[in-house]
Amino acid sequence: AALARLVTEAAAEAVASSGRFTLGLSGGSLVALLARELPPALSAAAGAEPSRWLVAFCDERLVPPEDPESTGGAYRVS
């Protein structure tokens, strides 16, 4: 929950100052944690505005983005 709060606070600050928030996401255990904790943190954070986020998925494996084994795929199914 603390990580999700930090992300949403950083997002709100970035959106307020530059109009967007950029976030790079890795896979692994982070997927389940953020899938569970980020939605409630977003609903509690004024100004985080997810529509203003640019999200990049970091993946060292050479699999297509739609593959569930890719970082993007893992976030899509969570």
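Going along each chain's sequence as written, the residues are numbered from 1 onward. Local features in a predicted model are, by the rule used here, given only for residues with pLDDT of at least 70; side-chain atom pairs are given and counted only at 80 or more, and totals for whole chains, interfaces and linings are based on all residues. Note that the side-chain values use all heavy atoms of the structure and ignore hydrogens as well as water.

As recorded in an unreviewed UniProt entry, the protein goes by 6PGL phosphogluconolactonase and comes from Copsychus sechellarum.

Undergrad: Summarise the layout of surface pockets; cite the residues concerned and give the values.
TA: Cavities and pockets are found on a 1 Å grid laid over the protein atoms alone: a cavity is a set of points where a 1.4 Å probe fits but cannot escape, a pocket is an open set with protein on both sides within 12 Å along at least five of seven lines, and a lining residue has an atom within 4 Å of such a point. Grid points are joined across faces, edges and corners, and a volume is the space filled by probe spheres set on the points. Space inside the largest pocket adds up to approximately 200 Å³. Lining the largest pocket, in full, are L23, L25, L34, A35, L38, W53, V55, F57, Y75 and S78. By the criteria applied, helices consist of DSSP H or I runs no shorter than four residues and strands consist of E runs no shorter than two, each listed in order from the N terminus. Looking at the lining of the largest pocket, the elements with two or more residues in it are β1 (21-25), α2 (29-44) and β2 (53-57). Lys, Arg, Asp and Glu make up the charged group, whereas Ala, Val, Leu, Ile, Met, Phe, Trp, Tyr, Cys and Pro make up the nonpolar group; the residues left over, Gly among them, are polar. In terms of residue class, the lining of the largest pocket is built from nine nonpolar, one polar and no charged.

Undergrad: Please provide a residue-by-residue account of the confidence of the model for the protein, values included.
TA: Averaged over the protein, the pLDDT score is 88; the fraction of residues at 70 or greater is 100%. Per residue, pLDDT captures the predictor's confidence, and it can take any value from 0 to 100. Of all the helices and strands in the protein, helix α3 (residues 71-77) carries the lowest mean pLDDT, 79, while helix α1 (residues 2-18) carries the highest, 95.

Undergrad: Got a sec to walk through the nonpolar core? Specific residues and values, please.
TA: Only buried residues count toward a nonpolar core, which is a set of Ala, Val, Leu, Ile, Met, Phe, Trp, Tyr and Cys residues joined through side-chain atoms within 4.5 Å. Categorising residues by exposure relies on relative accessible area from a 1.4 Å probe, with only protein chains included: less than 20% of the type maximum marks a residue as buried, more than 50% marks it as exposed, and the intermediate range marks it as partly exposed. Judged by nonpolar contacts, the single largest core of 16 residues is most densely connected at V7, F21, L23 and W53. Put simply, the parts of the chain that give this core at least two residues each are α1, β1, α2 and α3. With five residues, α1 is the single largest residue contributor to this core. Should any heavy atoms of two residues lie within 4.5 Å, those residues are counted as being in contact. Contact partners of W53, with chain neighbours within four places excluded, come to V7, A11, F21, L23, L38, L42 and A48.

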